[in-house]
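Structural characterization, general
The residues making up each chain are set out below.
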Amino acid sequence: SSGINAEWPLRPGGLKAFGEDWRKEMDMHPLFMDKIPDEVIDGTFDRTKWPVLASHLDMMYDDEDDLEGCALNYKEDGNTHFKKGTKRDFYLAIISYTEGINKKCSDNNLNAVLYGNRAAAQFNIGNYRKATQDCEEAIRHDPKYMKAVIRAVKAQQKLGNIREALEWCDRGLAIDKHHAELISTKVKSLQKLKVEERNERKRMAMELRERKANAALLSAIKSRGIRIYVPEMAEAEAETEEERNQLILDSLRASSCGTVSLNVDNDLVWPVRLLYPEYSTSDLISEFCERNSLLDHLSYMFPPEGTSPEWDEDGSYQVDKLVVCITSTSSSSGCKLVEVNQKAPLAEVLVHGEGMLVSGGVVTFEVYVRNSETHMSHILGT
């Protein structure tokens, strides 16, 4: 009959002809699969799950009376794949070397070469940790196997493990103290280690300075009684003081407008945003010292007889005509705009302003022309 079906006779090795699920069966053949699973590469695969592969390997070299011969054949088969240099062939080489290793022959030199060759194949597909493990096994079978030592050095360098690479260099130099490549690698690795240790010391010093600065900043904010907004859910989930402090720090750094800091006189310096709702515009004072008042800045920005900003169409924004408000978050009265004392230092406003809450790390005020239409509608509700 024509067509392919599952009733075809068995092929050699007890394998059925490809049936309707032939694509799945092809994907399980090492010559056609897109990605070879780790269990196949490591030689720990279930032979009932991979019958084609198991049958292929068994038919090639299945002589329990000559384990060394079988292991040698698998080594040669792996070398053939390795020399082709493709990623798939490196995988196939690993499979062959693994089969040779699994024969557990008594020839230590052959076992060392099998592990060393598998390490080389693992290295070429980027499995540097597995490559190092195979090098360790190769050395266990042949303590003077220099190729395995050099491969392990290179694998550790790929992983960025300078100290481990140096340890392998020392192991190799214990075998041959005049080995030029290992001597050169050790010198370069020591230089890199010196730079790495210096950078680590700098990083740790920077972290220490940052921790001290954060602690001082939090202490200053808390000692002044300034309230910082953090999400209620996040605050409820914070279990330790350290976690709560981190929430505050995250809130203070949330804005791209700047971050509060302490100056040399231990004054808090805030980023302050001034909103002008009537014209839908704003100003940012990136460094507003808590000792200064709003009046100090507004007098400079809107002098009584100075030049008005371009957006001030009728020139009404003059310091003696302005009113400054904040959004109150008082639970008793709900959110509303309340007027602040422009002559008071910012530190006093932040502490004594009704329901004052710093959100997003920026202190925000709204500026109006007193008794203007916008002021009346926003503040007085008329």
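Reading the values: rules and limits
Residues numbered from 1 in each chain as written. Predicted model: local features only at pLDDT ≥ 70, side-chain atom pairs only at ≥ 80, totals over all residues. Heavy atoms only, no water. Helix = DSSP H or I, 4+ residues; strand = E, 2+ residues; numbered from the N terminus. Buried < 20%, exposed > 50% of the residue type's maximum accessible area, 1.4 Å probe, protein only. Contact = heavy atoms within 4.5 Å. Areas by Shrake-Rupley, 256 points an atom, 1.4 Å probe, with all protein chains shown as cover. Core = buried A, V, L, I, M, F, W, Y, C linked by side-chain atoms within 4.5 Å. Pairing = 2+ DSSP bridges. Axes fitted to C-alpha atoms, helices over the stretch in contact; angles between N-to-C directions. Parallel < 35°, antiparallel > 145°, perpendicular 65-115°, else oblique. Left-handed = near helix turned anticlockwise from the far one by under 90°. Nonpolar A, V, L, I, M, F, W, Y, C, P; charged D, E, K, R; others polar.

On to the overall build of the protein. Scanning the protein from terminus to terminus reveals 15 helices and eight strands. Taken over 382 residues, the protein has a buried fraction of 40%. A separation of at least 24 residues holds for 55% of the contacts in the protein among residues at least 6 apart in sequence. Here the protein displays about 22100 Å² of accessible surface, and carbon together with sulfur accounts for 50% of that area.

This part is about the nonpolar core. Residues Trp270, Val272, Leu274, Tyr317 and Phe365 are the most contacted members of the largest nonpolar core, which totals 39 residues. Those elements giving two or more residues to this core turn out to be helix 10 (180-224), helix 12 (241-252), strand 4 (268-276), strand 5 (281-289), helix 13 (294-301), strand 6 (322-328), helix 14 (346-352) and strand 8 (363-369). For this core, the element with the highest residue contribution is strand 4, accounting for five residues. The next biggest cluster of nonpolar side chains, apart from the first, holds 27 residues, and it includes Cys105, Tyr145, Val149 and Ala152.

Glycine aside, residues mostly have negative phi angles, and peptide bonds mostly take the trans form. Even without a glycine there, the phi angle at Lys104 is positive, about 50°. Even without glycine at this site, Asn371 takes up a positive phi of about 65°. Within the secondary structure, Asn371 is located in the loop between strand 8 and helix 15 (373-380).

Turning to the pairing of strand 4, a few remarks are in order. Most of strand 4 sits inside the fold, with seven of its nine residues counted as buried. The pairing of strand 3 (residues 261-262) with strand 4 spans two bridges and is classified as antiparallel. Looking at strand 4, one finds that Leu262 is bridged to Leu268. Taking the residues between adjacent antiparallel strands as the criterion, strand 3 and strand 4 are bridged by five residues, where Asn266 takes a positive phi near 65°. Summarising the sheet, strand 4 and strand 5 pair through seven bridges and their orientation is antiparallel. Bridging from a neighbouring strand, Leu275 pairs with Ser282 of strand 5. In this antiparallel pair of consecutive strands, strand 4 and strand 5, the connection spans four residues, and Ser280 shows a positive phi of 55°. As defined by bridge partners, strand 4 adjoins strand 8 across four bridges and the pair is classed as parallel.

Viewed as axis vectors pointing N to C, helix 9 (residues 162-175) and helix 10 meet at an angle of 155°, and their least axial separation amounts to 9 Å. Between helix 9 and helix 10, the angle is such that the two are roughly antiparallel. By crossing handedness, the relation of helix 9 to helix 10 is classed as left-handed. Between helix 9 and helix 10, the contacting residues are Ile162, Arg163, Leu166, Cys169, Asp170, Gly172 and Leu173 on the first element and Leu182, Ile183, Thr185, Lys186, Ser189, Leu190, Lys192, Leu193, Glu196 and Glu197 on the second. Split into classes, the residues belonging to the contact of helix 9 with helix 10 amount to eight nonpolar, three polar and six charged.

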